[in-house]
Amino acid sequence: MANVAGEPAAAPGQPTPPAAGGPAHARRGLLSPRGELAQRVLALREGSIIVVTLLVALYFSLQTSTFLTSANFKTLLPYFAPFAIMAAGVVFVMILGEIDLSIGATYLVTPFLFYKLATAGLPLVPAVVLALIACMAVGLVNGFFVAIVGISSFVATLGMLFTLEGLSLIVSHGTPVNTPASQVSQTTRYVTHVVNGVHVQLPETVNHISTFARIFGGGTYSELIWALAVVIVLQIVLTFTRWGLYTVAVGSNKLGAAEAGVRVRLVTIRNFILCATTAGLVGILEAVRAGSVQPDPAGANEILLKVIAAAVIGGTLMTGGSGTVVGALIGALFLGILNDGLILQGVNANYLLFYLGLAIILAMTLNVYVQRARRGVGRG
Amino acid sequence: MAEATIPRQASAPVSTAPDDVLRVEHVAKRFGPVTALRDVSLHLRKGEVLGLLGDNGAGKSTLIKIICGFQKQDSGRMFLHGRPYAPRSVDDARAGGIETVYQDLALIDELSVYHNLFLRREHVHRPLPFLANRRMKLAARQALDEIGINIPRIDVAVARLSGGQRQAIAVARTVNSQADILLLDEPLAAMGAKEGSMILDLVARLKHEGRVSILMILHNYVHVLEACDRVSMIENGVIALDKPTAETSVEELTEIVVNEYRRARQRAQGGGG
């Protein structure tokens, strides 16, 4: 957007005057199909992060021969699908201008609860449902202290974070347990091969997991399907229902929303419940996928930070009033690709976090510039 | 206190009329040590435009917020169409046919013009919970055209509009409802002369149609005399004057305020010495 020296400064974002040689409309006409697509993508709120994520993916596919393989896609899934689900929930709280720091702790404690319920003799699916209802209660308590008592959400959910992480250490005695119905069993079967015209039977090991485990996180694409389903449903709720409208209203102007008759407390509590439920769901999915439940508060806290990062990277404001669920999914995808790509590049394990940190800062700087370009496109 | 005689003086007979749509009787409200309303009684007749005057901090906005269900009075009663009226929420008041333009407009910056116009009265695709955005856009366009407010695009966020346009949308939101009582808290505050006169024309038109009754807070006495049938002035938390506009003048209204200043100064000097 450099101005020609001596010209009165044009407002930033105004279309630059056409370069010499060719009337403006002719040039625009020539560029229009491609320009229109770019314009459409960039006009989306998630536009800039989509571009940056594609650039990062392109970089890794050029740098490594293994990035663009289906095997790597499967490796990538657990790096982003769980974060996408949790980020989808936390977006609803962040649009309100609040924060939920207890999602990592909810993620940590819920599979232990599921384990207790299942080992106490409850069937698996009811055990999952009861564990998720307990998560809703956690969200209700968070929402109660924020919306009714009036404690800042940062402090209220920090208290919940420590409480739940402590609780998971108490109930587990600090030792991991096996996730119910999620153990891999192996059977040997004989498969007939034809070798030099001779039929030979050779033993082959086949892994089995239960149908329950396959649905709740154990299947290869299980978490991806959950993530896509949760993201689609919650984006629809956010964009096309009163729930979403009131969420934005409360986050944008709490007093104004209340004056217009929006029940601010109800909206706040409801969103905290939603957020805690997504965290608990991911806790169960991950425990089933791993086959064990680990009492690891440090890991849970890292997940909390990555989830919030995914939401913010995806375009949700920490100050509230604006955010998208699809953006959070792409933010999670961005973090997953970065993590996975750096590993594929053979980055030394000790350097991984270091490079990951630098790459996040670099990519987000790029994001700001893409956003500026986007605003220019939007007005032009 | 020295002015202890004032409330007794005002709590004398509550003036009423047979066609009152709204009656407020002896309403008081305190915020901690601050007394916002000491003893306020007023009535609003059907089809009438009542101007509510008073100094800054006199309690005008508090009274509006009590009538519209946003706050609850400490004591006193209200009657709506002759029946006892005690709204527990803004929705309650709305169900009773009362809509409000707040001093702060209560607009949501991040939401579009039409979502703001229909906030809390959204159209949905029944029985599905999805917003009927197209229907709301059409209705919003129609409502704004009817009022004569020029908003070029109704799908932009209201954050991008000028102060006057925002105010116009807040007024349109109220007028566009089914309400028969409108409470307008300084509807001309952010407006230029042209937009302001448009709102005054709108009020005049509504008065002419006679369907709604309007309680309006204004600061400009010329506007008050032009737009209102009657004025009530709050002073020290009580109604100090209640007169048809035909029987008062800018001079009289100014005189009251000047006297109030004089008394306040004497009190301040007396307290200091």
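Since the structure is predicted, the reported quantities are computational estimates derived from the model, not experimental observations.

## Examining the overall build of chain B
Step number 1: A tally of regular secondary structure across chain B gives nine helices and 10 strands.
Step number 2: Taking 19 Å as the expected radius of gyration for a compact globule of 273 residues, we find that chain B reaches 20 Å, a close match to that expectation.
Step number 3: C-alpha extents for chain B along the principal axes are approximately 65 × 40 × 35 Å.
Step number 4: Relative to its full complement of 273 residues, chain B shows a buried share of 42%.
Step number 5: Intrachain contacts of chain B at a sequence separation of at least 6 include 67% that bridge at least 24 residues.

## Some remarks on the overall build of chain A
Step number 1: In terms of helices and strands, chain A carries 14 helices and four strands.
Step number 2: The buried share of chain A, taken over its 380 residues, is 40%.

## A closer look at helix H4 (residues 103-119) of chain A
Residue and element names in this part refer to chain A.
Step number 1: If you check H4, its first and last C-alpha atoms are 25 Å apart, about what 17 residues at 1.5 Å a residue would give, namely 24 Å.
Step number 2: Most of H4 sits inside the fold, with 15 of its 17 residues counted as buried.
Step number 3: Positive backbone phi, at 110 degrees, marks Gly-121, one or two positions downstream of H4.

## With respect to the packing of helix H2 (residues 47-63) of chain A against helix H13 (residues 325-344) of chain A
Residues and elements named next belong to chain A.
Step number 1: Close contact between H2 and H13 brings their axes to 10 Å; oriented N to C, the two are set at 15 degrees. With respect to each other, H2 and H13 are oriented roughly parallel. For the element pair H2 and H13, the recorded crossing hand is left-handed. Contact residues: H2 offers Ile-49, Ile-50, Val-52, Thr-53, Val-56, Ala-57 and Phe-60, while H13 offers Gly-327, Ile-330, Gly-331, Leu-333, Phe-334, Ile-337, Leu-338, Gly-341 and Leu-344.
Step number 2: The class makeup of the residues in the contact of H2 with H13 is 12 nonpolar, four polar and no charged.

## Overview of the packing of helix H3 (residues 70-95) of chain A against H13(A)
When two helices pack together, their arrangement is captured by the angle between the axes and the distance separating the axes.
All names here are of chain A.
Step number 1: Closest axis-to-axis distance for the H3/H13 pair is 8 Å, and the angle between their directions is 145 degrees. Between H3 and H13 lies a crossing whose hand is right-handed. The residues of H13 that touch H3, namely those facing Asn-72, Thr-75, Leu-76, Tyr-79, Phe-80, Phe-83, Ala-84, Ala-87, Ala-88 and Val-91, are Val-325, Ala-328, Leu-329, Gly-331, Ala-332, Leu-333, Leu-335, Gly-336, Ile-337, Asn-339, Asp-340 and Leu-344.
Step number 2: Class assignment for the residues of the contact of H3 with H13 results in 16 nonpolar, five polar and one charged.

## Concerning the pairing of strand E3 (residues 198-208) of chain A
All names here are of chain A.
Step number 1: In terms of burial, E3 is a largely surface element, zero of the 11 residues being buried.
Step number 2: Across 11 bridges, strand E2 (residues 185-195) lies against E3 in antiparallel orientation. Its bridge partner lying in E3, Val-194 is registered against His-199.

## Quick look at the pairing of strand E3 (residues 49-54) of chain B
Residue and element names in this part refer to chain B.
Step number 1: When you tally the buried positions in E3, you get six out of six residues, the bulk of the element.
Step number 2: Of the two faces of E3, the one lined by Val-49, Gly-51 and Leu-53 and the one lined by Leu-50, Leu-52 and Gly-54 are each fully buried.
Step number 3: The pairing of E3 with strand E8 (residues 213-217) spans four bridges and is parallel. Looking at E8, one finds that Gly-51 is bridged to Met-216.
Step number 4: When E3 meets strand E9 (residues 230-235), the two strands line up parallel, connected through five bridges. If you follow Leu-53 over to E9, its bridge partner there is Met-233.

## Here's the deal with the environment of B:Arg88
All names here are of chain B.
Step number 1: Tracing the backbone through its elements, the reader meets Arg-88 in the loop between strand E5 (83-84) and helix H3 (90-95).
Step number 2: For Arg-88, a count of 9 C-beta atoms within 10 Å corresponds to the exposed category.
Step number 3: When the C-alpha positions of Arg-88 and Cys-68 are compared, they lie 9.4 Å apart, and in sequence the two are 20 residues distant.

## Some words on the environment of A:Gln235
Residues and elements named next belong to chain A.
Step number 1: Structurally, Gln-235 can be placed in helix H8 (residues 222-240).
Step number 2: Gln-235 sits 160 residues away from Thr-75 along the chain, and the two C-alpha atoms are 26 Å apart.
Step number 3: Non-local contacts of Gln-235, meaning those with residues more than four positions away in its chain, are made with Thr-324, Val-325 and Val-326.

## A closer look at the confidence of the model for chain B
Residues and elements named next belong to chain B.
Step number 1: Of the residues in chain B, 94% have a pLDDT of 70 or more, and the chain-wide mean is 88.
Step number 2: In this model, residues 1-12 is a region of pLDDT below 50 whose contacts with residues beyond four sequence positions or in other chains number 11 contacts.
Step number 3: At the level of chain-chain contacts, confidence expressed as ipTM amounts to 0.88, with global pTM at 0.86.

## What to know about helix H5 (residues 133-147) of chain B
Residues and elements named next belong to chain B.
Step number 1: Counted at 1.5 Å a residue, the expected span for H5 with its 15 residues is 21 Å, and the 21 Å between its end C-alpha atoms agrees.
Step number 2: Of all the positions in H5, only Met-136, Ala-140, Ala-143 and Leu-144 are classed as buried. The buried residues of H5 all sit within an arc of 95 degrees when viewed along its axis, so they share a single face. Of the exposed residues in H5, the ones pointing more than 90 degrees away from its buried face are Arg-134, Gln-142 and Asp-145.
Step number 3: Looking one or two residues past H5, Gly-148 carries a phi angle of roughly 90 degrees, positive in sign.

## Focus on unusual backbone geometry
Residue and element names in this part refer to chain B.
Step number 1: For the bond from Arg-126 to Pro-127, the omega torsion is 0 degrees, close enough to zero to count as cis.
Step number 2: Locating Pro-127 in the fold gives a position in the loop between helix H4 (113-117) and H5.
Step number 3: Positive phi outside glycine occurs at Ala-106, with the angle close to 55 degrees.
Step number 4: Mapped onto the elements, Ala-106 comes out in the loop between strand E6 (98-101) and H4.
Step number 5: Located in the positive-phi region is Asn-236, a residue other than glycine, with phi close to 50 degrees.
Step number 6: The residue Asn-236 is located in the loop between E9 and strand E10 (238-244) in this model.
Step number 7: On the neighbour-count criterion, Asn-236 (20 C-beta atoms within 10 Å) is buried.

Parameters and conventions
- Residues numbered from 1 in each chain as written.
- Chains lettered and ligands numbered in written order.
- Predicted model: local features only at pLDDT ≥ 70, side-chain atom pairs only at ≥ 80, totals over all residues.
- Helix = DSSP H or I, 4+ residues; strand = E, 2+ residues; numbered from the N terminus.
- Rg over C-alpha atoms; globule rule 2.2 N^0.38 Å.
- Buried ≥ 20, exposed ≤ 12 C-beta atoms within 10 Å, placed from the backbone.
- Contact = placed C-beta atoms within 7 Å.
- Expected span 1.5 Å × (residues − 1).
- Axes fitted to C-alpha atoms, helices over the stretch in contact; angles between N-to-C directions.
- Parallel < 35°, antiparallel > 145°, perpendicular 65-115°, else oblique.
- Left-handed = near helix turned anticlockwise from the far one by under 90°.
- Nonpolar A, V, L, I, M, F, W, Y, C, P; charged D, E, K, R; others polar.
- Pairing = 2+ DSSP bridges.
- pLDDT = per-residue confidence, 0-100.
- Arc of directions from axis to C-beta.

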